[in-house]
Amino acid sequence: MEEARDFIRQIIDEDIKRGHYGGHVHTRFPPEPNAYLHIGHAKSVLLNYGIAREYGGKFNLRFDDTNPQKESPEFVEAIKEDVRWLGADWEDRELYASDYFEQLYSWAEDLISKGKAYVCDLSPEEISEYRGKPIRDGERIVTPPGVNSPYRDRSAEENLELFHRMRGGEFADGTKTLRAKIDMAHPNLNMRDPVMYRIVHATHHRTGDAWCIYPTYDWAHGQSDAIEGITHSICTLEFENHRPLYDWFLEQLGVHHPRQIEFSRLNLTHMVMSKRLLLRLIREGYVARWDDPRLPTLTAMRRRGYTPEAIADFTRRVGVSKSESVVEYALLEHCVRQDLNLRTPRRMAVLDPLRVVLANYPEGEVEELDAVNNPEDPTAGTRKVPFSRELYIEREDFLEEPPKKFFRLAPGREVRLRYAYFITCHEVVKDDSGRVVELRCTYDPATRGGDAPDGRKVKATLHWVSAAHAVGADVRLYDHLFAAENPTDVEEGQDWTANVNPESLTVLSDCALEPSLAEVEPGQRFQFERKGYFCVDPGSRPGSPVFNRTATLRDTWKKIQSRSQAPS
RNA sequence: UGGGAGAUCGGCUAACGGUAGGCCAGCAGCCUCUGGAGCUGCCUGUGGGGGUUCGAAUCCUCCUCUCCCAGCCA
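What comes next is a walk through the structure. Only a predicted model underlies this, so the values are computations on that prediction, with no experimental measurement involved.

Another point: the side chain of Asn60. If you trace the backbone, Asn60 turns up in strand β2 (residues 58-63). Within polar-contact distance, the side chain of Asn60 engages the side chain of Arg93 at 2.6 Å. Side-chain polar atoms of Asn60 contact the side chain of Glu228, separated by 2.9 Å. Once residues within four sequence positions are removed from consideration, Asn60 is found in contact with His26, Thr27, Arg28, Phe29, Trp90, Arg93, Leu95, Glu228 and Ile230.

What follows is the structure in structure tokens.
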């Protein structure tokens, strides 16, 4: 069965049919190394890499490092790790716009010589004014044509000399720019003599102090694509306005001209996705770091337990289009559950322990019971789980006064302990404050393994851990970083950070795990039965494991509860 | 205002002049030693008005709404 092709692939199909670019396809992912990658970038990486692979083409990783004040090797390394993790292979093409600085400079000289660029002494504020600001004209707002810079008509010789002196370091930051000479009355503001070079005395993470003038993104990006022989320059919607400018540069230079195709960026409910906003969350301490598992950064999602396969499945399902959209977080969760369901071993872990004593079970006796590692994967085999007189069950699996539809343990009620026995609760022990501290139960020896020979049924099966064998652990539960679907939608005078969910992180430190979980390695994933998917944190240590919850299991009881509690 | 772009079930996305389909979510049921997973069924949609056509989500036209640009950020 053939899958529907997105509009980008349709365009490429057409290009190939018409023999454009010699039938070749060459894509690239062009991040600026000034932040960590997030899942929106993953969509772009996978799109570009996927297209290259499908068409038998090539895929470049190119760092658009034209702003030394914001970029650093730390980000370069982090980005490489994330792209690699996603499975995108750039082979030996780890490239940098900064590698093209000399070529870009020489092309700029060409444009100057042809009278298509000039050195301008206007200040940033003046440039903005000359460009033509929107003016209120009574009811209406009018965008007037721009005004030519007084420096626009310098001779090519003078421009060349000034440009050389700019490179030579003779001028202070911000005092001069090189601008393309296009059209100050152009309806597209990007065409009103855009800046190509600015003076910045800053050390670049790769070129060091070799330069004190740096190309703007607009001047560097298209030409970098051209140099690399990119055929399809896929980018996000906000660059649609710039395409005429990129076309103009390429045409003036007479070089290879990629086809630029814009698609809408990924947005998620309950999440912010811009670098600027993510940076604020970190700087202001709403989250710990770039890899805080509540963030949509790839490093955070990896730490949380997401798999690259789940992310790839997700990006495939959301599709590619030009309409701006917000994808429900639930789809992401669905993808990771579906992946993890098939691949993760099951374990029993009691996150909020309640002691259970089996009055009729021999003291001191321990049985090793067989437990299935993964019902979805017969090859995963079984393991032994110790059972004894004193156990822990989940506190929320018992209610003294069970409401309708609550099938779990309650006074007088019989339930099954998974892979073990049927037990019946006879007595509830409370402390002085009335808190339930222990349950006195009996077990039915005939139900060993979990089946009753007389065929009687129970409505619930609980997970449990033998108290004497339990391994203590920290478990971190995560909820939406923002309770609101759209975090930046705030009332007048409110800052969006007010929407940060104060309960997005819950740290549990008294969890009781089955003993097979004593020795785990960071990054290992498990399904804790009935609770969710969990991943061993990088900070986990032998003997005191730390788990991050990747996602909960779908929980019908929770749903029933919230339905009955929901405000009408 | 000018320029650029977009509007299809609750969400995302197909359909390229010929039965508006899929996935997620939701709902109902079946099944179950995870209230998991799985299975079955249901649900709802072409922004509005005109026009062309045997036939329009698709073509034309007018309108409405939303987003992007006016950095020496990318």
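On to the packing of aromatic side chains. Under the counting rule described, the total for this entry stands at 23 aromatic pairs. Seen from their ring centres, Tyr361 and Phe387 are 5.4 Å apart, and the 70° between their planes marks the pair as edge-to-face. Of this pair, Tyr361 sits in the loop between β14 (353-358) and β15 (367-372) while Phe387 sits in strand β16 (residues 382-387); the two residues are 26 residues apart in sequence, bridging distant segments of the chain. Given a relative accessible area of 2%, Tyr361 falls into the buried group. Here Phe387 falls in the buried class, since its relative accessible area comes to 0%. One cation-aromatic arrangement involves Arg206 over Tyr96; the distance from NZ or CZ to the ring centre is 3.5 Å. Between the NZ or CZ atom of Lys459 and the centre of the ring of Phe407, over which it lies, the distance is 4.1 Å.

Look at helix α1 (residues 7-17) against helix α2 (residues 39-54): their axes get within 12 Å of each other, and the N-to-C directions meet at 35°. In this structure, α1 meets α2 at a crossing whose hand is right-handed. Across from Ile8, Arg9 and Ile12 in α1, the residues of α2 making contact are Leu47, Gly50, Ile51 and Glu54. Taken together, the residues of the contact of α1 with α2 sort by class into 4 nonpolar, 1 polar and 2 charged.

The α-helix winds at 3.6 residues per turn, so residues separated by three or four positions along the chain end up facing the same way. For helix α4 (residues 101-113), built from 13 residues, the straight-helix expectation of 18 Å at 1.5 Å per residue is met to within 8% by its first-to-last C-alpha distance of 18 Å. If you check which residues of α4 are buried, you get Phe101, Leu104, Tyr105, Trp107, Ala108, Leu111 and Ile112. Projected down its long axis, α4 shows its buried positions confined to an angular sector of 165°, all on one face. Once α4 finishes, Gly115 follows within two positions and takes phi at roughly 75°, a positive value.

Residues other than glycine seldom take positive phi values, yet Tyr21 does so here, at roughly 55°. Note that Tyr21 resides in the loop between α1 and β1 (26-29). The backbone phi angle of Asp193 is positive, close to 45°, even though this residue is not glycine. As for its placement among the helices and strands, Asp193 is situated in the loop between β7 (177-180) and β8 (195-199). According to the relative accessible area criterion, Asp193 is buried, its value standing at 0%.

Let us look at the pattern of salt bridges. Close approach of charged atoms lets side chains of opposite charge pair. Tallying each qualifying case throughout the model produces 56 salt bridges. Note that Asp292 is salt-bridged to Arg294, the shortest N-O span being 2.9 Å. Accessibility classification places Asp292 together with Arg294 in one group, the buried group. Across the pair Glu367 and Arg448 runs a salt bridge whose closest N-O atoms are separated by 2.4 Å. Of this pair, Glu367 sits in strand β15 while Arg448 sits in the loop between β20 (436-443) and β21 (461-462), and the two are 81 residues apart along the sequence.

Once that is clear, we can look at the state of the cysteines. Applying the stated rule across the entire model yields 0 disulfides. The thiol of Cys335 is unpaired, and the distance to the nearest cysteine sulfur, on Cys535, comes to 18 Å. Of the cysteine sulfurs around Cys511, a residue in no disulfide, the closest is that of Cys535, at 16 Å. Judged by relative accessible area, which is 3%, Cys511 ranks as buried.

Conventions and cut-offs
- The residue count restarts for each chain, going from 1 along the sequence in the order it is written.
- All chains are assigned letters beginning with A, and all ligands numbers beginning with 1, in the order in which they are written.
- In keeping with the model being predicted, local features are shown solely for residues with a pLDDT of at least 70 and side-chain atom pairs are shown and tallied solely at 80 or more, while totals for entire chains, interfaces and linings include all residues.
- Values shown for side chains rest on all heavy atoms present in the structure; no hydrogens or waters enter the calculation.
- Only DSSP runs of H or I covering at least 4 residues are called helices, and only runs of E covering at least 2 are called strands; the numbering of each starts at the N terminus.
- Residues adjacent in sequence count toward polar contacts only when both atoms are side-chain atoms; beyond that, a polar contact is any pair of N or O atoms within 3.5 Å, and within protein one must be able to donate a hydrogen and the other to accept it.
- Two residues form a contact once any of their heavy atoms are found within 4.5 Å.
- Whether two aromatic rings pair depends on their centres lying within 6.5 Å, for rings of Phe, Tyr and Trp, where Trp uses its six-membered ring; planes under 30 degrees apart make the pair stacked, over 60 edge-to-face, and the rest tilted.
- To sort residues, take the accessible area from a 1.4 Å probe on protein chains only and compare it with the maximum for the residue type: under 20% means buried, over 50% means exposed, and anything in between is partly exposed.
- Charges are assigned to positions over rings by a cutoff of 6 Å between ring centre and Lys NZ or Arg CZ, combined with an angular limit of 35 degrees from the ring normal.
- Working convention: axes come from line fits to C-alpha atoms, limited for helices to the stretch in contact. Angles between N-to-C directions cover 0 to 180 degrees.
- Helix crossings fall into two classes, left-handed where the near helix is turned counterclockwise from the far one by less than a right angle and right-handed where it is turned clockwise.
- For this classification, Asp, Glu, Lys and Arg are treated as charged, while Ala, Val, Leu, Ile, Met, Phe, Trp, Tyr, Cys and Pro are nonpolar and the rest, including Gly, are polar.
- One fewer than the residue count of a helix, multiplied by 1.5 Å, yields its expected span.
- As used here, the arc belongs to the directions running from the helix axis to the C-beta atoms.
- Here, a salt bridge means any side-chain nitrogen of Lys or Arg that lies within 4 Å of a carboxyl oxygen of Asp or Glu.
- Sulfur atoms of two cysteines make up a disulfide when they are within 2.5 Å.

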